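Residue-level listing of the chains:
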Amino acid sequence: MTTTGGLFISFEGIDGAGKSTHIEGLAQAFRAQGRAVTLTREPGGTPLAEKLRSVVLNDTMDAMTEALLVFAARRDHLQQLIEPALARGDVVLCDRFTDATFAYQGGGRGFDLSILSILEQWVQTVRGLEADFIREPDLTVWFDLPAEIAAQRLAGARTPDKFEAQPVEFFKSVSDGYLKRMLASPSRFVRIQADNTRDAVWLDVLTAVQGRGWLP
Ligand code: TMP
């Protein structure tokens with residue numbers, strides 16, 4: 001939990017991992033405890049960041065342009081929505097955050113991770129009362145799903161966007177990117193086997209949040 005009492009939880013995984021229903025379930029569980037919940041997503045969450053999302057998801061560009069655009073969207077999202085919500089004491093549930101950039105642009109596209117780290121520091125530095133710090137989620141729930149199963153789930157679903165249309169190999173690299181991020185910050189992450197039944201996955205999500213004392 002942040003010093004202000006706000007709580008920041010992000011949800012990650014390759015396309016098709018099935019995050020959405022569980023994010024909604026957690027929002028209901030927190031609201032049932034009387035907590036104010038801000039539900040949001042990346043890229044997106046503000047009018048400007050949603051415009052950038054549409055460009056990133058639909059236009060062809062190189063990996064650096066993609067990385068700069070998702071971080072520009074993130075900056076606006078943090079300034080306009082996330083930081084004010086945390087300052088009010090909200091629970092912020094964010095469908096994807098910076099780990100997605102390390103996984104997709106870093107792992108999937110092969111873009112330089114050290115440049116992503118620099119951008120992360122620039123964009124996410126927050127002025128604290130005593131010292132500046134880098135805003136990170138308090139918890140990241142990684143829905144880990146084998147790329148082959150995700151591909152089966154996505155086949156026949158709605159028209160794929162630029163990322164959903166990528167081959168299985170791309171998503172294997174994205175998963176490797178998530179794994180690296182988890183290994184670098186193991187206490188921030190919980191890794192959930194997303195190929196279990198929906199009920200089993202939900203129980204794992206709930207247990208992770210309860211285990212940190214944030215829900216009864
Ligand atoms: P989604 O919100 O439907 O999951 O779609 C967002 C897509 O954008 C998804 O394919 C992952 C991708 N993405 C990136 O490539 N980099 C990022 O930093 C973020 C947040 C998402």
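Residues numbered from 1 in each chain as written. Predicted model: local features only at pLDDT ≥ 70, side-chain atom pairs only at ≥ 80, totals over all residues. Heavy atoms only, no water.

### Looking at the site of the ligand
Thinking step 1. Around the ligand sit 14 residues, and of these D15, R53, R96, T101 and Q105 come closest.
Thinking step 2. Between the ligand and R96 there is a distance of 2.8 Å, counted from an oxygen atom to a side-chain nitrogen or oxygen.
Thinking step 3. Summarising the interface, the protein chains cover 94% of the accessible area of the ligand, which totals 480 Å² for the free molecule.
Thinking step 4. The cavity where the ligand resides is the largest pocket.
Thinking step 5. It is helix α4 (residues 98–108) that provides the largest number of residues to the shell around the ligand, a total of four residues.
Thinking step 6. Classifying every residue of the shell around the ligand by side-chain character gives six nonpolar, two polar and six charged. (Near = heavy atom within 4 Å. Polar contact = N/O pair within 3.5 Å; in protein donor to acceptor, adjacent residues only side chain to side chain. Areas by Shrake-Rupley, 256 points an atom, 1.4 Å probe, with all protein chains shown as cover. 1 Å grid on protein atoms, 1.4 Å probe; cavity = no way out; pocket = protein on both sides within 12 Å on 5 of 7 lines; lining within 4 Å. Sits in = over half its atoms within 2 Å of the grid points. Helix = DSSP H or I, 4+ residues; strand = E, 2+ residues; numbered from the N terminus. Nonpolar A, V, L, I, M, F, W, Y, C, P; charged D, E, K, R; others polar.)

### Details of the nonpolar core
Thinking step 1. I9, F30, L93, Y104, V141 and F143 are the most contacted members of the largest nonpolar core, which has 43 residues in total.
Thinking step 2. In this structure, F30 is in contact with L7, I9, R35, V37, V91, L93, V209, W214 and L215, ignoring residues within four places of it in sequence. (Core = buried A, V, L, I, M, F, W, Y, C linked by side-chain atoms within 4.5 Å. Buried < 20%, exposed > 50% of the residue type's maximum accessible area, 1.4 Å probe, protein only. Contact = heavy atoms within 4.5 Å.)

### Topic: the pattern of salt bridges
Think of it this way: side chains of opposite charge can pair up when their charged atoms draw near.
Thinking step 1. Within this structure, the stated rule accounts for 16 salt bridges.
Thinking step 2. Among the ionic contacts, a cluster of salt bridges with common partners joins D99, E120, E136, R181 and R188. (Salt bridge = Lys/Arg side-chain N within 4 Å of Asp/Glu carboxyl O.)

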